[in-house]
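# Analysis of the macromolecular model
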Amino acid sequence: MAIDFSVWDEQVDDTTQVVAVRGEIDIFTAPEFKERISAAIDAGRDLVIVDLGATTFIDSSSLGVLISAHRRLTARDGRLVIACDVKAVLNTFKITGLDGVLEIVAARDDALTPVDERAA
């Protein structure tokens, strides 16, 4: 069972939505996580930033949510960006190979900065 889970979202502008999570995303909390991300995509956002900076654990169900969101957005030339600097979460992306598929940056501010303006 998940401990200390919360998810919230914030519309940045007409095309950008941030979905932030604190705690563990697992089989019990993934449906609410999916609902927030899907709502942003359904609302027509082209850039969905998932802020996992306060996330302590993700499992395969949450990875499935991210992959699905990534596919939906790229199908319409949108982007899913993961903002995360949590070593345990980043290891999950690395072990599964998703670090080569998903766009992952260290922090939310990096995700809000256009790719061509980010420091190399």
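Residues numbered from 1 in each chain as written. Predicted model: local features only at pLDDT ≥ 70, side-chain atom pairs only at ≥ 80, totals over all residues. Heavy atoms only, no water.

Mapped onto the elements, Ser 6 comes out in strand 1 (residues 6–11). Here Ser 6 is in contact with Ala 20, Val 21 and Arg 22, once residues within four sequence places are set aside. (Helix = DSSP H or I, 4+ residues; strand = E, 2+ residues; numbered from the N terminus. Contact = heavy atoms within 4.5 Å.)

For helix 1 (residues 30–42), built from 13 residues, the straight-helix expectation of 18 Å at 1.5 Å per residue is met to within 8% by its first-to-last C-alpha distance of 18 Å. Among the residues making up helix 1, those that are buried are Ala 30, Phe 33, Ile 37, Ser 38, Ala 40 and Ile 41. All buried residues of helix 1 lie within an arc of 155 degrees about the axis, which places them on one face of the element. Looking at helix 1, the residues exposed on the side facing more than 90 degrees away from the buried face are Glu 35 and Asp 42. (Expected span 1.5 Å × (residues − 1). Buried < 20%, exposed > 50% of the residue type's maximum accessible area, 1.4 Å probe, protein only. Arc of directions from axis to C-beta.)

Turning next to the sheet that holds strand 4 (residues 79–83). Strand order in the open sheet made by the 5 strands is 1-2-3-4-5, with mixed pairing throughout. Among the strands making up the open sheet, the edge pair consists of strand 1 and strand 5 (103–105). Here the average twist between neighbouring strands, direction ignored, is 20 degrees. Examined bridge by bridge, strand 2 (residues 16–25) and strand 3 (residues 47–58) share 9 bridges and lie parallel to one another. Counted as the bridge partner of Gly 23 is Thr 55 from strand 3. Each of strand 2, strand 3 and strand 4 is contacted by helix 2 (residues 60–74), which is oriented at about 145 degrees to strand 4, the strand it contacts most. Relative to the sheet, helix 3 (residues 87–96) contacts strand 3, strand 4 and strand 5, its axis offset from that of strand 3 by approximately 110 degrees. (Pairing = 2+ DSSP bridges. Axes fitted to C-alpha atoms, helices over the stretch in contact; angles between N-to-C directions.)

In this section: the nonpolar core. Proteins that are soluble and globular tend to have nonpolar side chains buried together. By size, the foremost hydrophobic cluster in this structure holds 27 residues, and its most contacted members are Ile 37 and Phe 93. Every element with two or more residues in this core is listed here: strand 2, helix 1, strand 3, helix 2, strand 4 and helix 3. With near-sequence residues (within four places) excluded, Ile 37 lies in contact with Val 19, Val 48, Val 50, Val 65, Leu 66 and Ala 69. Core analysis: the next-biggest nonpolar cluster, separate from the first, contains 7 residues, Ile 49, Ala 83, Val 105 and Ala 111 among them. (Core = buried A, V, L, I, M, F, W, Y, C linked by side-chain atoms within 4.5 Å.)

Shape descriptors only; they carry no functional weight alone.
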